[in-house]
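Commentary on secondary and tertiary structure
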Amino acid sequence: MRLPTVNLGSSGRLIGTQGLGCMGMSEFYGPTDTAEALATLDAALEAGVTLFDTADIYGSGANEELIGPFVRANRDQVVLATKFAIERRADDPRHRAVRNDPAYIRTAVDASLKRLGVDVIDLYYMHRRDPAVPLAESVGAMAELVQAGKVKALGLSEVTGDELREAHEVHPIAALQSEWSLFSRDVERTAVPAAAELGVTFVPYSPLGRGFLTGSFAAAEQLTEDDYRRHHPQFSGANAAANAALVAPIQKVAADRGVTAAQVALAWVHQRAEVHGLTVVPIPGTRKRTRLAENTAAASLLLTPAELTTLDGIAAQVTGNRYADMSFTSAGRE
Ligand SMILES: NC(=O)c1ccc[n+]([C@@H]2O[C@H](COP(=O)([O-])OP(=O)(O)OC[C@H]3O[C@@H](n4cnc5c(N)ncnc54)[C@H](OP(=O)(O)O)[C@@H]3O)[C@@H](O)[C@H]2O)c1
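Residues numbered from 1 in each chain as written. Predicted model: local features only at pLDDT ≥ 70, side-chain atom pairs only at ≥ 80, totals over all residues. Heavy atoms only, no water.

A few words on the overall build of the protein. Helices and strands together make up the secondary structure of the protein, namely ten helices and eleven strands. Its C-alpha atoms give the protein a radius of gyration of 19 Å, near enough to 20 Å, the size a compact globule of 334 residues would have. The dimensions of the protein, computed from C-alpha atoms along their principal axes, are 55 × 45 × 40 Å. In the protein, which comprises 334 residues, the proportion classed as buried is 57%. Surface summary for the protein: the accessible area is close to 13100 Å², and the carbon and sulfur share equals 52%. One way to put it: in the protein the 32 positive side-chain charges average out to a point 2 Å from where the 40 negative ones average out. (Helix = DSSP H or I, 4+ residues; strand = E, 2+ residues; numbered from the N terminus. Rg over C-alpha atoms; globule rule 2.2 N^0.38 Å. Buried < 20%, exposed > 50% of the residue type's maximum accessible area, 1.4 Å probe, protein only. Areas by Shrake-Rupley, 256 points an atom, 1.4 Å probe, with all protein chains shown as cover. Lys, Arg positive; Asp, Glu negative; His and termini not counted. Charge placed at Lys NZ, Arg CZ, Asp CG, Glu CD.)

Now the structure itself:
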């Protein structure tokens, strides 16, 4: 079964109703089998996935380089999304500095185009917001990239509803990418309603709670030393045990329906978007073809009202923040 398509904002582009997050193929979630990761890209396209998500910081450029040949080989089918705004430091892997100034943006886009080996980026996101730089300046600089033919459509990540409205006045925003899952629902306060009002496609990232919602790990200690999730507040210490107990009702719904917890988590995001009246294209991340098939099949799973009621109650019980530093999120500025 191929995925149905939806509009990418008002860009005129149709995209498969689920995308693929490529981040874990290069960094953050433990060791990767590169051949299997590359085969997963091909399998995704075959299944009707068209939105492929990367960023300049994933693997400090390595993720853009990894998917570049695949993008070039399938250029007219792939909707390539990448991002700028976060600076890293080679001597401190956990250091992050947010840059939204026009000079930085102009340099960043050229570096991404070079690493990807393409002439144009289909969807270019501002990865994080630096409130010290007026949005009109940053989005104005992004709009110039559209005029220059380097970028086709614009996106933002982790902005509030008001910030999205302000940016959309400078140039149409095609997509808002923020964390949205059974565990993380703060975006439903202002960002989701604003996206619905403006016709902006919502791209939920980490829709599987970085894997935690699938039950594939229950505590940070079960992950390898270099796994970024070892520092995630919801997966460590006492929070991990409390939150792992919240995965049980997801697994129960899955068992009753003969599907997997990952599929329930993805179906919930699709159906929650219908409640808010907006288009969503979740981008679950996987490096494995079996999981890709499992995740794309979730797009046709319809949860019952009773199941949705059970699942809707989970987020309010989650303990710990979704980032160690919440100023890195839209919720931190609401
Ligand atoms: N804008 C932002 O700030 C931001 C932040 C984070 C992520 N993102 C983007 O969003 C994408 C998705 O988010 P994410 O990767 O953080 O989290 P996610 O999609 O919630 O979960 C990914 C994790 O779940 C595992 N997984 C995937 N499908 C599974 C299944 N069916 N059963 C069991 N486990 C499964 C993956 O492992 P395997 O790979 O081993 O399958 C991986 O460890 C990223 O790839 C990235 O492109 C954006």
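And the narrative resumes.
Take the packing of helix α3 (residues 102–116) against helix α4 (residues 135–147) next. Between α3 and α4, the shortest axis-to-axis distance is 9 Å and the interhelical angle comes to 35°. Relative to α4, the crossing made by α3 is right-handed. Residue-level inspection shows P102, I105, R106 and V109 of α3 in contact with α4, the latter providing E137, S138, A141, M142, E144 and L145. By residue class, the composition of the contact of α3 with α4 is six nonpolar, one polar and three charged. (Axes fitted to C-alpha atoms, helices over the stretch in contact; angles between N-to-C directions. Left-handed = near helix turned anticlockwise from the far one by under 90°. Contact = heavy atoms within 4.5 Å. Nonpolar A, V, L, I, M, F, W, Y, C, P; charged D, E, K, R; others polar.)

In this section: the site of the ligand. Taken together, 31 residues lie near the ligand, and Y29, D53, L208, T286 and K288 sit nearest. Residue G285 places a main-chain N or O atom 2.8 Å away from an oxygen atom belonging to the ligand. Out of a free accessible area of 900 Å², the ligand has 96% covered by protein chains. It is helix α9 (residues 289–297) that provides the largest number of residues to the shell around the ligand, a total of three residues. Taken together, the residues of the shell around the ligand sort by class into eleven nonpolar, eleven polar and nine charged. (Near = heavy atom within 4 Å. Polar contact = N/O pair within 3.5 Å; in protein donor to acceptor, adjacent residues only side chain to side chain.)

Bear in mind that shape data such as this cannot, by itself, settle questions of function.
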